[in-house]
Amino acid sequence: MKKLIINNSILPILTILLFIVIVWYLSAIPMNSEKVTRQFKNLSFTEHVEKTWNLKKPKLPTPHQIVNEIINTTFYKKISSKRSLVYHGWITLKATLAGFILGTFLGIILALGIVHNRAMDLSVMPWVIASQTIPILAIAPMIIVVMNSVGVTGLLPKAIISMYLSFFPVVVGMVKGLRSPDQMQIDQMRTWSASPNQLLWRLRFPSSLPYLFASLKVGIAASLIGAIVGELPSGAISGLGARMLAGTYYGQTVMIWSALFAAAFLAASLVFFISFIQNYTLRKMAILR
Amino acid sequence: MISVENVDLTFETNDGPVHALKEVSLEVKEGDFVSFIGPSGCGKTTLLRVIAALEIPTKGNVSVNNMPPDDARKAREYGYVFQAAGLYPWRTVSGNIKLPLEIMGYSSKEKEERTKKVIELVELKGFEKKFPWQLSGGMQQRASIARALAFDANILLMDEPFGALDEIVRDRLNGELLKLWERTGKTICFVTHSIPEAVYLSTKIVVMSPRPGRITDVIESPLPKERTLEIRDSKEFIQIAQRVREGLKSGHLDEDL
């Protein structure tokens with residue numbers, strides 16, 4: 001059954017991928033043409049096309065250029081080197097994970113408060129929602145600057161921005177999850193005179209886990225975005241965000257795109273990792289079968 | 001022993017007050033099997049919930065084993081079986097039965113012993129390690145009854161426990177419930193909307209009618225304590241069933257239907 005699903009989905013995915021690559025190469029020709037005609041004279045059509053696909057600083061780099069750059073900066077540079085994509089990825093990953101853990105804790109604590117305290121139930125949620133209506137690009141520099149002025153630099157400010165983005169899905173999911181037991185299940189606990197703690201740990205929390213995992217998947221992707229956004233205004237010299245920014249300063253489009261793909265790969269891996277834990281846990285709990 | 005005296009219960013809703021129970025009085029003796037029967041909205045479940053201290057009456061007195069219901073709940077005087085089995089999907093059958101024992105702080109040795117005992121009582125031996133989804137609806141409800149019996153309360157409150165099951169399974173579980181009642185000597189309060197079920201099981205049938213929820217008839221059953229399914233074809237059985245039906249009808253007359 002599982003094999004069938006993989007076989008059934010791999011062909012459509014590859015078809016779309018092929019389509020994207022074709023469109024990409026075709027678009028690279030007109031976008032990079034101007035630069036080629038400026039640099040080279042008297043080219044035949046095939047030579048011209050070939051040049052548009054292999055410029056050093058193209059407007060639109062082609063897939064093979066990006067792949068080459070990624071392979072080059074991932075496997076052929078020492079991972080402690082500033083030119084290594086692994087090094088930059090690791091810097092961003094650290095901030096992402098720190099922010100994700102902080103955000104998850106904050107989200108769960110707020111959700112517990114909202115579910116257990118009527119005053120918090122009425123007052124907190126509108127502010128949580130309001131916090132997400134502020135563009136992260138506006139608030140990120142402020143967080144960096146304020147924290148810089150009190151001497152906090154490096155990982156923590158970025159982690160705070162990640163937390164700011166990732167706590168939201170966790171709050172929303174956990175409030176729903178902790179409230180998912182129905183009245184009958186709660187009455188049943190009452191007939192046994194269960195304490196609020198017992199109600200939480202034996203009923204509400206296990207019931208909320210499917211909701212929590214769904215939120216964590218959204219949260220970890222948001223965390224990565226937070227960490228990258230946090231690297232943009234900080235004048236940071238390392239991290240995937242810094243790499244993208246450096247790329248734009250020096251017109252190194254291939255560098256920007258390879259950092260972009262590295263970030264996308266990182267995000268996908270993180271989401272898959274959470275999915276894996278989710279499947280394992282819920283299967284073990286016999287919620288998923 | 002349960003005694004209910006002049007109990008009134010009014011729910012405040014957006015459409016004004018709803019009179020769920022009006023001047024309800026009732027005595028349940030130790031070892032009785034009492035059925036509450038009536039159409040929906042007659043307050044039979046509400047009455048059971050009042051006894052279980054899940055609802056607080058607006059007026060009147062309730063005592064359960066000579067205690068206010070809330071104290072009786074804290075003293076673990078009753079086990080409550082809901083309409084849905086309400087087993088936790090992440091716990092096995094024995095894990096589910098242990099749940100109230102964990103909450104009540106029994107030692108692990110005692111948890112094992114009690115679980116073993118009630119699993120045998122409801123004939124679920126061999127299914128201890130199964131998860132709820134691996135059981136049929138009837139077996140799930142039996143596990144739920146075992147869970148209510150695990151802490152040895154002498155009163156069993158059951159709110160339409162077999163309402164969601166098909167008739168064949170229901171007949172079997174009714175028979176098993178009678179056997180269990182005989183073996184354990186518990187006092188059972190049983191809410192149902194099935195006349196044959198009420199007559200077959202009970203020593204006392206409480207007929208209720210809606211708007212406001214009240215008791216219209218209390219029938220002491222002359223049927224012997226030992227009952228087989230065949231008893232349902234006997235003359236006495238049919239007579240009692242007729243009287244229940246009359247009681248239900250008279251309740252409806254008040255509504256000018």
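Residues numbered from 1 in each chain as written. Chains lettered and ligands numbered in written order. Predicted model: local features only at pLDDT ≥ 70, side-chain atom pairs only at ≥ 80, totals over all residues.

Colleague: Residues and numbers for the overall build of chain A, please.
Modeller: Scanning chain A from N- to C-terminus turns up 11 helices and 0 strands. Order of helices (α) and strands (β) in chain A, N terminus to C terminus: α-α-α-α-α-α-α-α-α-α-α. With the C-alpha coordinates aligned to their principal axes, the bounding extent of chain A is approximately 90 × 55 × 35 Å. Sorting the 289 residues of chain A into buried and exposed places 33% on the buried side. For chain A, contacts bridging at least 24 residues in sequence account for 73% of all contacts bridging at least 6. (Helix = DSSP H or I, 4+ residues; strand = E, 2+ residues; numbered from the N terminus. Buried ≥ 20, exposed ≤ 12 C-beta atoms within 10 Å, placed from the backbone. Contact = placed C-beta atoms within 7 Å.)

Colleague: Requested: an account of the environment of Lys204(B), with residues and values cited.
Modeller: All names here are of chain B. With respect to the helices and strands, Lys204 occurs in strand E8 (residues 204–209). According to the C-beta neighbour criterion, Lys204 is partly exposed, with 19 such atoms within 10 Å. Each C-alpha atom, one on Lys204 and one on Asn61, is 21 Å from the other, the two residues being 143 residues apart in sequence.

Colleague: Report on helix H9 (residues 196–231) of chain A, specifying residues and quantitative values.
Modeller: Between its first and last C-alpha atoms H9(A) spans 43 Å; for 36 residues at 1.5 Å apiece the expected length is 52 Å, and the helix comes up short by more than 12%. Taking the largest bend as the criterion, H9(A) deviates by roughly 45 degrees, centred on Leu209(A), and proline Pro210(A) comes between one and four positions later. (Expected span 1.5 Å × (residues − 1). Bend = angle between axes of the 7 residues up to and from the residue.)

Colleague: So, the domain arrangement of chain B: which residues are in play, and what are the values?
Modeller: Residues and elements named next belong to chain B. By the assigned domains, chain B splits into domain 1 (2–77 + 154–253) and domain 2 (87–152). Using only C-alpha atoms to locate each centre, domain 1 and domain 2 end up separated by 25 Å. Across the contact, 9 residues belong to domain 1 and 8 residues belong to domain 2. A total of 3 residues in the side of domain 1 that touches domain 2 trace back to one element, the largest contributor, which is helix H6 (residues 167–184). Here the residues of the side of domain 1 that touches domain 2 sort into 8 nonpolar, no polar and 1 charged. (Domains from an automatic or database assignment. Nonpolar A, V, L, I, M, F, W, Y, C, P; charged D, E, K, R; others polar.)

Colleague: Which residues make up the interface of chain B and chain A, and what values go with them?
Modeller: With 16 residues of chain B in contact, the opposing surface of chain A contributes 16 residues. For the side of chain B that touches chain A, the secondary-structure elements that each account for two or more residues are helix H2 (69–74) and helix H3 (93–103) of chain B. The dominant element in the side of chain B that touches chain A, judged by the number of residues it contributes, is H3(B), at 3 residues.

Colleague: Give me the packing of helix H4 (residues 85–116) of chain A against helix H10 (residues 240–249) of chain A: which residues, what numbers.
Modeller: Residues and elements named next belong to chain A. One can describe the packing of H4 onto H10 by two numbers: an axis separation of 7 Å at closest approach and a directional angle of 125 degrees. Overall, the two elements H4 and H10 adopt an arrangement that is oblique. Contacts between H4 and H10 involve His88, Gly89 and Thr92 from the former and Leu240, Gly241 and Arg243 from the latter. Of the residues belonging to the contact of H4 with H10, the class tally is 1 nonpolar, 4 polar and 1 charged. (Axes fitted to C-alpha atoms, helices over the stretch in contact; angles between N-to-C directions. Parallel < 35°, antiparallel > 145°, perpendicular 65-115°, else oblique.)

Colleague: Describe in detail the environment of Leu157(B), supporting the description with residues and values.
Modeller: Residues and elements named next belong to chain B. The residue Leu157 is located in strand E6 (residues 155–159) in this model. The buried category is assigned to Leu157, around which 25 C-beta atoms lie within 10 Å. Leu157 has contacts with Leu48, Ile51, Ala52, Tyr78, Tyr80 and Cys189, leaving out every residue within four places of it along the chain.

Colleague: Describe the sheet that holds strand E4 (residues 59–64) of chain B, naming the residues involved and giving the relevant values.
Modeller: Residues and elements named next belong to chain B. The 3 strands lie next to each other as E2-E1-E4, forming an open sheet whose pairing is antiparallel. A strand with exactly one partner marks an edge of an open sheet, and here the two such strands are strand E2 (16–28) and E4. Sheet twist, expressed as the average angle between the axes of neighbouring strands with direction ignored, equals 30 degrees. (Pairing = 2+ DSSP bridges.)

Colleague: Give a detailed account of the sheet that holds E6(B), specifying residues and quantitative values.
Modeller: All names here are of chain B. Taken in spatial order, the 6 strands make up an open sheet running E5-E6-E7-E3-E8-E9, and their pairing is mixed. Both edges of this open sheet fall to strand E5 (78–81) and strand E9 (214–220), since each of them pairs with a single strand only. When the angles between neighbouring strand axes are averaged without regard to direction, this sheet yields 15 degrees. The sheet contact formed by E5 and E6 spans 4 bridges and is parallel. Across the sheet, residue Val81 finds its bridge partner in E6, namely Met158.

Colleague: Run through the nonpolar core, naming residues and quoting values.
Modeller: Counting 70 residues, the largest nonpolar core has Ile51(B), Tyr78(B), Ala146(B), Leu157(B) and Cys189(B) as its most contacted members. In this structure, this core is formed jointly by two domains, domain 1 (2–77 + 154–253) and domain 2 (87–152) of chain B, each of which donates at least three residues. Dropping the residues within four chain positions of it, Ile51(B) is found in contact with Ile2(B), Val62(B), Val64(B), Pro69(B), Leu157(B) and Cys189(B). Ala111(A), Ile160(A), Leu165(A) and Ile274(A) belong to the second-largest nonpolar core, a separate cluster that totals 48 residues. (Core = buried A, V, L, I, M, F, W, Y, C linked by C-beta atoms within 7 Å.)

Colleague: Account for the confidence of the model for chain A, naming residues and giving values.
Modeller: Do not read the predicted coordinates in detail wherever pLDDT is low. Within chain A, residue pLDDT values average 90, and 96% of them lie at 70 or more. The secondary-structure element of chain A with the lowest mean pLDDT is helix H1 (residues 2–39) of chain A, recorded at 85, while H4(A) shows the highest, at 95. (pLDDT = per-residue confidence, 0-100.)

Colleague: Give a description of helix H6 (residues 136–149) of chain A that names residues and reports values.
Modeller: Residues and elements named next belong to chain A. Between its terminal C-alpha atoms H6 stretches 20 Å, which fits the 20 Å expected from 14 residues at 1.5 Å a residue. When we look at burial in H6, the residues that qualify are Ala140, Ile143 and Ile144. Down the axis of H6, the buried side of the element spans an arc of 95 degrees, and every buried residue falls inside it. Looking at H6, the residues exposed on the side facing more than 90 degrees away from the buried face are Ala138, Met142, Val145, Val146 and Ser149. For H6, the elements touching its buried residues are helix H7 (155–178) and H9. Remark: Gly151 follows H6 within two positions and exhibits a positive phi of approximately 85 degrees. (Arc of directions from axis to C-beta.)

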